[in-house]
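The residues making up each chain are set out below.
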Amino acid sequence: MNRYLRELSVAGALGLLLLAMAIFAPGFYQPQPLLSLATREAPTLVVACGMALVILCRQIDISVGSQFSVCGVAAGLMAAAKVPLFLVVPAAIGIGALLGAINGVLIAGLQLPSIVVTLAMMVTLRQGLNLQQQGVFVNLPDGVQWFGLSQLQGQWLVVAIAVLLTVLLGLALRRLTAGRWVYAIGSDAEAARLAGIRPQLGTFLVFVVMGALTGFAAALNLVQAPQVQPLSGSGLELKVIAAVVVGGVAISGGRGNLWGVFVGLLLLAAIAPALIHLRIEAYWEKAIQGTIILLAVVTDSIRGRAPKHPARSH
Amino acid sequence: MAPPLLELRQLAKSFGGARALRGVDFDLQAGEVHALLGENGAGKSTLIKIVTGAHQPDRGTIRVAGELVDHLTPATAHARGIACIYQQPALFPDLTVMENIALRLEAGAPFARVDWKGRRSRAVELLRRIGAEISPDAEVRSLSMPEQQLVEIACALGAGARIVIMDEPTASLTQKEQHLLFAVVRELRRSGVGVIYISHRLEEIFALADRVTVLRDGETVGTNPIAAINEAALIRMMVGREMTQIYPPSEAAPTEVALELRSLGCAEAGVTDVSFQVRAGEVFGLAGLVGAGRTELARILFGLTPADAGEIRLHGQVIHPRSAVEAVAAGIAYVPEDRRRHGVVLELPIAHNMTLAVQRRLFPRGWLRTEAEQSLALEFIRDLAIKCTGPDAPAGSLSGGNQQKVSLARWLATKPRLLILDEPTQGVDVGAKGEIHRIIRRLARSGLPVLLISSDLPEILGMSDRIGVMRAGRLVGVLPGGSDAHAVMAAALGQEQGAA
Amino acid sequence: MSVATPTSPAPRAWLALLRRHETILLLVLVAEWLFFYWAGTSTNRRGVVVGFGTLDRQFDILRHTCEIGLLALALTPVILTAGIDLSVGSLLGLCAIVFGGLWRDVGLSIPLAMALTLTCGAAAGGLNAVLITALRLPPLIVTLGTFSLFRGLAEAITRGAVTYTDFPTGFLALGQERALGLPTQAWVFAFAAVAVWLLVHRTTLGRSFRAIGFSPEGARYAGLPVNRRLAFVYILAGFIAAVAAVIYTARLGQAKADAGLGYELFAITAVVLGGTSIFGGAGSVHGTLLGVAAIAVLKNGLASLPIVIRLNAAEELSGVLTGALLLVALTASVIPRIVSRLRPRPAPPVSVP
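Residues numbered from 1 in each chain as written. Chains lettered and ligands numbered in written order. Predicted model: local features only at pLDDT ≥ 70, side-chain atom pairs only at ≥ 80, totals over all residues. Heavy atoms only, no water.

> Just to check I follow, could you spell out the overall build of chain C for this structure?
Along chain C, the regular secondary structure elements total 15 helices and 4 strands. Taken over the C-alpha trace, chain C has a radius of gyration of 22 Å; the compact-globule value for 353 residues is 20 Å, and the two agree within 12%. Principal-axis analysis of the C-alpha atoms gives chain C an extent of 70 × 55 × 35 Å. Split into buried and exposed, the 353 residues of chain C put 56% on the buried side. Counted over contacts in chain C with a minimum sequence separation of 6, partners at least 24 positions apart contribute 74%. Total accessible area on chain C is roughly 14800 Å²; 67% of this is exposed by carbon and sulfur atoms. Counting 26 positive and 15 negative side-chain charges, chain C places the centres of these two groups 12 Å from one another. (Helix = DSSP H or I, 4+ residues; strand = E, 2+ residues; numbered from the N terminus. Rg over C-alpha atoms; globule rule 2.2 N^0.38 Å. Buried < 20%, exposed > 50% of the residue type's maximum accessible area, 1.4 Å probe, protein only. Contact = heavy atoms within 4.5 Å. Areas by Shrake-Rupley, 256 points an atom, 1.4 Å probe, with all protein chains shown as cover. Lys, Arg positive; Asp, Glu negative; His and termini not counted. Charge placed at Lys NZ, Arg CZ, Asp CG, Glu CD.)

Structure below.
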């Protein structure tokens, strides 16, 4: 029971928020806006799953927002050039995986601190995109939005795909040997090495998967609008890190699971619309996100889940 | 008759110039508990590291189950069923017991499905086999140290270990936990596993072992069936050596009491009710086995783990250092055991290292004064005969003995009122060792009280004016300086108590 | 016999000086400057020299660099202790808003508003410091949280829309006029640079930062007050970020919630480029200053290249190059380690404690 305390308490907080909404702002519970909200957050969920893997490995990736934008624009340009969607999606995944691999080589191969590497990647990719795109939106041809389905069907499909992917990844993390290796590497890389696991290879692959998931998330975002905004992913990194940390994944690695991340993301996703319904201005969102990250790590530390190495985590 | 599980012949190993093993013979039969005994530095840990494949021997042969093995690596040692249970288990703290066991046992394909049911029943079975009452779902970080050791043993058994090495397994166990562990060891023996059991506790050896081998100075002194030997003979075998080093004679004319401990204790550090006095100009040696609480006592005095019982009087004044900063302000100097991690900052120049603890005094208002620093450093370099290219050379570029002198200089610069030396000559070559001993003498002569912690028995005997012996976090005896090795060892091992 | 003379033969000293990171960086900086002087200066139709080579442009570079330069100065001690502070850019934004708000909405005088803003910056740094030292949280996640929090507060206070403008000309002189021949804020920057240089290179505090960066445990065993020193560097970083905020406001004549957005990257890049190890301990303030200069010249030099002007891509190009530069500098910094790892080792890694 105690093992899931964190997940349950986050779920409890979500429940309280939803209850408060039911009492003070019942207008929140309308099926169509809720579905739209879920659809908007679906790509975020996919990225958060990847981020959970990265943080479980005791690393961090703050370049996911820029990766997301790059994949989105690249996929959009391809779609605009009439490449069929069933090729665009794998291409987006591939581009993401490639970007992740660059991070992976620098972090796992050269043992550079992930925070600085991904900070540099974040800006390089973002400004590179600006340079290429000059802020111009990519217009998509017909048949791309909602996979050519009706909006309602498309929305359900996007949400279903994201949830299905989360469930599959969650199961893989729990039930496949490779999933357990992620925990082992994040818990104690040296003990992992002694147990015959290759921590550097594992970390590299986790960054590749992170990139691939980001690419896929960008594709899920692509189909939601008639055009692609060049900076669709800005600020995404903070949102997913917040979701992962709030969901109980320890920043010191090796602890947490995707169910917690799922609930954490629901909580964070509900905050912005809740603010609007509760007539608190939406400008507070970023401040609240920051506060939630800090509160989550502070409670972790107080509950004795403090980082094993109080210095910087590399 | 089946060949022995493990047979070592004439193993030798040197590190740099130091000869750790000079030709050790050892054999282990199936279904036997073979105790390995020896002072610190007798070569036990080197022997283990060779058997587990961490070190390669310079000479000698290793046979496992009769088969000659010429290159043992950690992986091949593992494959041949050799497992070692360390005092600090190498487990994953965030994962459950079951997962830890599984991760160690299953190499597995990355996309193989984890058989949670099979893992659980396997873990339950292994834990039951050693009689451990540990939930397979408990997180390892929530377990006590002995429970973690049991998990390690379960891992070793699960991996089909035929040779299990236990390195001081009871060092941190309570009485009850020890009995549990003994039951496990006997169970292992019954199932045909060979156990190499390393311990300093003679009563354990007599309770558990079938045979005992004593190492001294990297050589086998002898192997005896346990029934054919008694405690006194064992102690004699361990310490029976002539003095190889000449220690500078004591000229102490101890005067007033400089340091007084009254029932000092700290639960966190595992130190209880320690009382003794050190006079100005006296070298007070602290003997004891590894884990007896000597370093822990030093850490209490230095404020790193503040005391929660008793009091410390330094020159008549009650002090209660709650941090190293306060201890330094009170005039306590501590030359720590782990030189490379704590004693010096390897990357900083010698001069900076030497002034790190005297910044307040040497640099009033915080402004560095290079000339003052350089002259202080040059003075100590000359005074302590530190071999270096100059005060600006990084401390890491020096040899062990010279690093130790830098660490010592840092504390002498503070003009301390109490000097604590923790293993000051560990890993130091013979020449530097003699120099350090002469420096200690000189300091004592100048009236400084010195607390000398050392696992090198001749050093303790040769340098100390009086010797306090610690065991299991308590002071079990204070012996006069001229005591013989036998008496000190007996007290440290818990035989024939001397009065405290 | 045992003591060698610390003086070494002169040619050796020359070589060592040449091999120093700072020397190489200085040469790169000069080359960079000369290149832009050559490629970015032209004469317009009326025969007036325009572009990179003019004195006005050089002053402009200085003006535009002061804020990022200040943040880099703030980060140097932090990174020396093996820490990181990602929140300085956000804090610059928050302090700019606080300053504007105190002056216009609360109606305080400029000097009083400045003093309170600086206090606010130090207090915000104090929040980082408490979380990092008292709760022993990793600086990375703490300052990532405050990175979001500070920017969020700035947005919340201004509701994302308010811009504070119409500051008195006396105040704007700080950011837009010259004093004694140089842009006014350059004097502030110079003062801060000298102060931080003295702090890092000439005081016992600076010495402790290095010791902590190299070996926090070793520093503790030497009796250094590690937590107090760490708290100091984060509070100082907050304070300097507030100074940068005031100068930023004076230069632009306005305070907006997005002030200093992304500046942390330029500052971190300048510090790492300047030779300060991201793993702590090694580094220098003059290296940081050279790093700042290299980035500033790059940024402004690019803006004066005809092709970049035609593409209107100076901002983006300098961002890409800065990020790439940081990656290259980081990679270069670990090359010695990699090389030594590739050399054959005498024994396999020892896994026994």
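> Which parts of the structure should I look at to understand the interface of chain C and chain A?
For interface size, the figure often reported is the accessible area lost on association. Counting residues at the interface gives 50 residues for chain C, matched by 47 residues for chain A. Overall, the association of chain C and chain A removes approximately 4200 Å² of surface from exposure, summing both partners, and the carbon and sulfur fraction of that is 76%. Looking at the side of chain C facing chain A, the largest losses of area belong to L140, I141 and L327 of chain C, adding up to 13% of the total buried there. At the junction of chain C with chain A, the criterion picks out 1 salt bridge. In this structure, the salt-bridge partner of K286 of chain A is E155 of chain C, at a minimum N-O distance of 3.4 Å. For the pair chain C and chain A, the interface holds 4 residue pairs in polar contact (both at pLDDT 80 or more). Every element with two or more residues in the side of chain C that touches chain A is listed here: α6 (139-158), α12 (263-273) and α15 (314-342) of chain C. (Buried area = accessible area lost by both parts, 1.4 Å probe. Salt bridge = Lys/Arg side-chain N within 4 Å of Asp/Glu carboxyl O. Polar contact = N/O pair within 3.5 Å; in protein donor to acceptor, adjacent residues only side chain to side chain.)

> Whenever I open this one, the sheet that holds strand β16 (residues 332-335) of chain B confuses me. Can you help?
Two strands in a sheet stick together by hydrogen bonds in their backbones, pointing the same way (parallel) or opposite ways (antiparallel). Residue and element names in this part refer to chain B. Reading across from one edge, β16-β17-β18-β13-β19-β20 is the order of the 6 strands in this open sheet, with mixed pairing throughout. In this open sheet, the two strands that pair with only one neighbour each are β16 and β20 (474-480). Mean inter-strand twist for the sheet, computed between neighbouring axes without regard to direction, equals 20°. As defined by bridge partners, β16 adjoins strand β17 (residues 418-422) across 4 bridges and the pair is classed as parallel. Each bridged residue has a counterpart across the sheet, and for V335 the counterpart in β17 is L421. Sitting on the sheet, helix α16 (residues 430-445) is in contact with β13 (283-288), β17 and β18 (450-453), with an inclination near 130° to β13. (Pairing = 2+ DSSP bridges. Axes fitted to C-alpha atoms, helices over the stretch in contact; angles between N-to-C directions.)

> Would you explain the domain arrangement of chain B in this entry?
Residues and elements named next belong to chain B. For chain B, the assigned domains read domain 1 (6-239) and domain 2 (257-493). Contact residues are listed per partner, giving 9 residues for domain 1 and 10 residues for domain 2. Of the roughly 980 Å² buried between domain 1 and domain 2, counting both surfaces, carbon and sulfur atoms make up 66%. Counting across the interface, domain 1 meets domain 2 through 0 salt bridges. (Domains from an automatic or database assignment.)

> Just to check I follow, could you spell out the packing of helix α4 (residues 85-109) of chain A against helix α9 (residues 199-222) of chain A for this structure?
Two packed helices can be described by the angle between their axes and the distance between those axes. Residue and element names in this part refer to chain A. Packing of α4 against α9 brings their axes to within 6 Å, and their N-to-C directions diverge by 150°. The angle between α4 and α9 falls in the class roughly antiparallel. In this structure, α4 crosses over α9, and the sense of that crossing is right-handed. For the contact of α4 with α9, a count of residues per class yields 16 nonpolar, 9 polar and no charged. (Parallel < 35°, antiparallel > 145°, perpendicular 65-115°, else oblique. Left-handed = near helix turned anticlockwise from the far one by under 90°. Nonpolar A, V, L, I, M, F, W, Y, C, P; charged D, E, K, R; others polar.)

> How should the environment of A173 of chain C be read in this particular structure?
All names here are of chain C. Counting through the fold element by element, A173 comes out in helix α7 (residues 169-176). Its relative accessible area of 21% is what places A173 among the partly exposed residues. It is 8.2 Å that separates the C-alpha atoms of A173 and R251, two residues lying 78 residues apart in sequence.

> In this structure, what is going on with the interface of chain B and chain C? I would like to understand it.
If you look at the interface, chain B gives 42 residues, while chain C gives 29 residues. Buried surface at the junction of chain B and chain C, both sides included, amounts to about 3100 Å², of which 65% is carbon and sulfur. Of all residues in chain B, H342, Q359 and L368 of chain B bury the most surface against chain C, accounting for 17% of the area lost on that side. E373 of chain B serves as the salt-bridge partner of R207 of chain C, at 2.7 Å between the closest nitrogen and oxygen. Listing elements by their share of the side of chain B that touches chain C, those giving two or more residues are α10 (324-329), α11 (339-343), α12 (350-355), α13 (359-362), α14 (370-383) and α15 (400-412) of chain B. Top contributing element to the side of chain B that touches chain C by residue count: α14 of chain B, with 4 residues. Residue composition of the side of chain B that touches chain C, grouped by class: 24 nonpolar, 9 polar and 9 charged.

> What is the right way to look at unusual backbone geometry in this model?
A negative phi angle is the norm for most residues apart from glycine, just as the trans form is the norm for most peptide bonds. Of note in the backbone geometry, W146 of chain A takes a positive phi value of approximately 55° without being a glycine. Checked against the element boundaries, W146 of chain A lands in the loop between β1 (138-139) and α6 (151-175). Phi angles above zero are rare outside glycine, and A472 of chain B is one such case at about 50°. Turning to its location among the elements, A472 of chain B is positioned in the loop between β19 (466-471) and β20. Using a relative accessible area of 56% as the deciding quantity, one classes A472 of chain B as exposed.

> So what exactly am I meant to see when it comes to the sheet that holds strand β12 (residues 271-279) of chain B here?
Residue and element names in this part refer to chain B. The 4 strands lie next to each other as β12-β11-β14-β15, forming an open sheet whose pairing is antiparallel. Where the open sheet ends on each side, the last strands, each with one partner, are β12 and β15 (317-319). Strand after strand, the sheet turns through a mean of 20° between neighbouring axes, direction not considered. Pairing geometry for strand β14 (residues 309-314) and β15, over 3 bridges, is antiparallel. Within β15, the residue paired with I312 across the bridge is I319.

> Explain the environment of I319 of chain B to me, please; I cannot follow it from the model alone.
Residues and elements named next belong to chain B. Assignment of secondary structure puts I319 in strand β15. A C-alpha to C-alpha distance of 35 Å links I319 and R141, two positions 178 residues apart in sequence. The residues contacting I319, other than those within four sequence positions of it, are I312, L314, A330 and I332.

> Would you take a moment to explain α6 of chain A for this structure?
A turn of α-helix holds 3.6 residues, and therefore any two residues three or four places apart point the same way. Residue and element names in this part refer to chain A. Taking 1.5 Å of rise per residue, the 25 residues of α6 would be expected to cover 36 Å, and the 35 Å separating its terminal C-alpha atoms lies within 8% of that figure. Regarding α6, the residues found buried are G154, Q155, V158, V159, A162, T166, G170 and L173. On its buried face, α6 is in contact with α2 (31-56), α7 (177-187), α9 and α11 (258-277). (Expected span 1.5 Å × (residues − 1).)

> Can you walk me through a nonpolar patch on the surface in this structure?
Residue and element names in this part refer to chain A. Together, L16, L19, I23, F24, L278, I280 and W284 give the surface a local cluster of nonpolar side chains, amounting to about 720 Å² of exposed area. With respect to the helices and strands, F24 occurs in helix α1 (residues 5-24). Its relative accessible area of 64% is what places F24 among the exposed residues. (Patch = residues over 30% accessible without salt bridge, like charges linked within 9 Å, V, L, I, M, F, W, Y side chains within 5 Å.)

> Looking at this model, I keep getting lost on the pattern of salt bridges. Mind explaining?
Working definition: two side chains of opposite charge can pair if their charged atoms are close together. For the structure shown, the criterion picks out 31 salt bridges over all chains. As a salt-bridge pair, E99 of chain B and R180 of chain A come within 2.3 Å of each other at their nearest N and O atoms. Linking E99 of chain B in helix α3 (residues 97-105) with R180 of chain A in helix α7, this pair reaches from one chain into another. Pair check on accessibility: E99 of chain B and R180 of chain A agree, each one buried. Via salt bridges that share partners, R255 of chain A together with D94, E139 and R141 of chain B belong to a single interconnected network.

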